Amino acid sequence: MSSRSVSLTSTFLLLAAGGAAACDRGSETQQQGFYCADANGVVVDEDNCDDNRHYGAGAILPFIWYSSLYRPGYAVGQRLPTGGQRFAYNDRAARQKFGLPATGKIGNGTIKTSVIGKGGGGAKNSGSKKSGG
């Protein structure tokens, strides 16, 4: 009787462990950190990523950088860890995909949860999409 009990308990534990692993693999939630930075991933003042700001011809336009590696606390002038991705600061569609405000300033170190699958899959937009000005 005890060997049968041990066998059932072992089977149950293996099934439970397998179920937990399957749940972990299918997780769709992840935190992403967002920063205003230049084309090289160096943090700039968050006011530069306010899409209400107007830039003159020849200005170096900022990007909104994002990654699950980014946490609050990177200061202006610091380079963000490698592996991040970016989109144009004034790309309203990209902002909305990440659950960010479509317009206005995005604060450096902003953390959003559950943005997996909402992003632009490595899209790197180097040009401004803002017209007129």
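Residues numbered from 1 in each chain as written. Predicted model: local features only at pLDDT ≥ 70, side-chain atom pairs only at ≥ 80, totals over all residues. Heavy atoms only, no water.

This part covers the nonpolar core. Membership of the largest hydrophobic core is limited to twelve residues, which are Phe 34, Cys 36, Val 44, Cys 49, Ile 64, Tyr 66, Phe 87, Tyr 89, Ala 94, Phe 98, Leu 100 and Ile 106. Elements that contribute at least two residues to this core include exactly strand 1 (31-37) and strand 2 (63-67). Tyr 35, Ala 37, Val 43 and Trp 65 belong to the second-largest nonpolar core, a separate cluster that totals seven residues. (Core = buried A, V, L, I, M, F, W, Y, C linked by side-chain atoms within 4.5 Å. Buried < 20%, exposed > 50% of the residue type's maximum accessible area, 1.4 Å probe, protein only. Helix = DSSP H or I, 4+ residues; strand = E, 2+ residues; numbered from the N terminus.)

As for its position among the elements, Phe 87 is in strand 3 (residues 85-88). The exposure class assigned to Phe 87 is buried, which follows from its relative accessible area of 3%. Between the alpha carbons of Phe 87 and Ile 64 there is a distance of 5.5 Å; along the sequence they are 23 residues apart.

Okay, the sheet that holds strand 2 next. Where strands meet in a sheet, backbone hydrogen bonds hold them as pairs that are either parallel or antiparallel. What the four strands build is an open sheet, ordered 3-2-1-4; its pairing is antiparallel. At either end of the open sheet lies a strand with only one pairing partner, and these are strand 3 and strand 4 (110-113). Neighbour-to-neighbour, the strand axes of this sheet turn through a mean angle of 30 degrees, independent of strand direction. Across five bridges, the pairing between strand 1 and strand 2 is antiparallel. (Pairing = 2+ DSSP bridges. Axes fitted to C-alpha atoms, helices over the stretch in contact; angles between N-to-C directions.)

Counted according to the given criterion, the structure contains eight aromatic pairs. Relative to Phe 87, the ring of Tyr 66 lies with its centre 5.9 Å away and its plane at 45 degrees, an arrangement referred to as tilted. Here Phe 87 lies in strand 3 and Tyr 66 lies in strand 2, a separation of 21 residues in the sequence. Phe 87 shares its class with Tyr 66; the two are buried. Between Tyr 66 and Phe 98, the ring centres sit 4.3 Å apart and the planes meet at 50 degrees, which makes this aromatic pair tilted. With Tyr 66 in strand 2 and Phe 98 in the loop between helix 2 (92-97) and strand 4, this pair connects stretches of sequence that are 32 residues apart. Here Tyr 66 and Phe 98 have matching classes, each one buried. Taken together, the aromatic side chains of Phe 34, Tyr 66, Phe 87 and Phe 98 make up a single cluster linked through ring pairs. Arg 86 extends its terminal NZ or CZ atom over the ring of Phe 63, reaching a point 4.3 Å from the ring centre. (Phe/Tyr/Trp six-rings, centres within 6.5 Å; stacked < 30°, edge-to-face > 60°. Lys NZ or Arg CZ within 6 Å of the ring centre and 35° of its normal.)

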